Amino acid sequence: MKTDHHLPWRLQDFICNILVQSAPHAPHYCLAPSLQPLSCRLHALATYKPIHTPLIYLSVHCYTLKVQRILALECSTNNNDQAANNTAHLLGCSRCKSARYCSTACQKKDWVFHKFKCVSPEVTRHEVHVCSIEAIQSAINSASPGDIVVIKEGAYGNDGQSTLFVNEPIYLWGGEENRDNVVLDCNLVIDESDGDHDGSKAVVVADLFLDGTVTISDNSYKSVTLCNIELKCPNNSPRDALKISGCEGKCLILGCDIYGGSDGVHIASERVHLKRACIQYAQNRGIFSRRGFTIEDCEVSGCGGYGIKGSAGWTEKGRHNDIQPGPWSSDGPWSSGW
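Residues numbered from 1 in each chain as written. Predicted model: local features only at pLDDT ≥ 70, side-chain atom pairs only at ≥ 80, totals over all residues. Heavy atoms only, no water.

**Some remarks on the overall build of the chain**
Inference 1: Per the secondary structure count, the chain includes six helices and 26 strands.
Inference 2: If you take every contact in the chain between residues at least 6 apart in sequence, the share linking residues at least 24 apart comes to 48%.
Inference 3: For the chain, the exposed area adds up to about 16400 Å²; of that, 49% sits on carbon and sulfur atoms. (Helix = DSSP H or I, 4+ residues; strand = E, 2+ residues; numbered from the N terminus. Contact = heavy atoms within 4.5 Å. Areas by Shrake-Rupley, 256 points an atom, 1.4 Å probe, with all protein chains shown as cover.)

And the structure:
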């Protein structure tokens, strides 16, 4: 970090003290005022405990300092190779400036997920700090197409009766490091308002734990993606955990865990792609579809009837799909325990 020689010591201390809030029990030499340059103290702090913080923008005495996750010296794929992670030259994503990788192999491995959160730092962000569904809805309503709504760590909603509407092509992001850090107790509906957009932008919902249902209804977005979502719906519910209908663009369900519901996933739309998803414990069928769809490296198990019932057929891709057979198989009865 080359800012050491350009920033006053007191400002360096101030910046370091902000960052160590994520590691309050760090050794004293991480906090000791004016004993070492900022970069040395940050390196020591990162060695003690990785710093999980978004970009921090400070403007003091005409200095603008962007303290980025590169200071954490941690690979974005959570690679446990300490030798790789402790190098000072992690590879950075040239577009979003936030993701860091210890090797090109890790960067390529993570691209399947990262590309849905790879957005320029210049894109407008709306942060939600108040733990209520209403606060999230307010942020979504104030966002313009292409903006990002970031939900901070916490539990939102407590009655399971609220409905959150995403009706513009935006990014809705939850916990950056762990989706379990952002819990929404509500039903999520992705549809389209009467707003003016040309169908060139997408909806991306990522990194959330959702205690309720998700409905993706008629829209003309370029695509709709659910990425790294855990969806938990009561397995005695009359509603399907995830229902997809009327998407003109592609609908991708990536890295999601879907539990419960009358049917786990109900597909009534073309161009649906389930990838690296786990669908379990639906009351009836794991997947029910009257449209063709693609399933890739997924598990469908523990459901009350079929793993998949699809009258239009489906395309299997990937190395392995573990799909529960019909209700009269030797797999035994449906399990409701989860």
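Next comes the rest of the description.
**With respect to the confidence of the model for the chain**
Inference 1: Of the residues in the chain, 68% reach a pLDDT of 70 or more, and the chain-wide mean stands at 78.
Inference 2: Across residues 28-35 the pLDDT falls below 50, and counting only partners more than four positions away or on other chains, this stretch makes 16 contacts in the model.
Inference 3: For the stretch residues 328-338, pLDDT sits under 50, and the model shows 21 contacts to residues farther than four places along the chain or on other chains. (pLDDT = per-residue confidence, 0-100.)

**Topic: a positive patch on the surface**
Inference 1: Taken together, the side chains of Lys115, Lys250, Arg271 and Lys317 make up a positively charged region of the molecular surface.
Inference 2: For arginine 271, the location among the structural elements is in the loop between strand 18 (265-268) and strand 19 (272-275). (Patch = residues over 30% accessible without salt bridge, like charges linked within 9 Å, V, L, I, M, F, W, Y side chains within 5 Å. Salt bridge = Lys/Arg side-chain N within 4 Å of Asp/Glu carboxyl O. Lys, Arg positive; Asp, Glu negative; His and termini not counted. Charge placed at Lys NZ, Arg CZ, Asp CG, Glu CD.)

**Thoughts on the pattern of salt bridges**
Inference 1: Per the stated rule, a full pass over the model turns up seven salt bridges.
Inference 2: The salt bridge involving arginine 285 is made with aspartate 263; its shortest N-O contact spans 3.1 Å. Here arginine 285, found in the loop between strand 20 (278-280) and strand 21 (287-289), pairs with aspartate 263, found in the loop between strand 17 (257-259) and strand 18; they are 22 residues apart in sequence, far enough to count as distant.
Inference 3: Each of Arg179, Glu230 and Asp257 takes part in one network of salt bridges that share partners.

**So, helix 5 (residues 104-114)**
Inference 1: Along helix 5, the positions that sit buried rather than exposed are Cys106, Asp110, Val112 and His114.
Inference 2: The inward-facing, buried residues of helix 5 contact strand 4 (100-101), strand 16 (250-254) and strand 19. (Buried < 20%, exposed > 50% of the residue type's maximum accessible area, 1.4 Å probe, protein only.)

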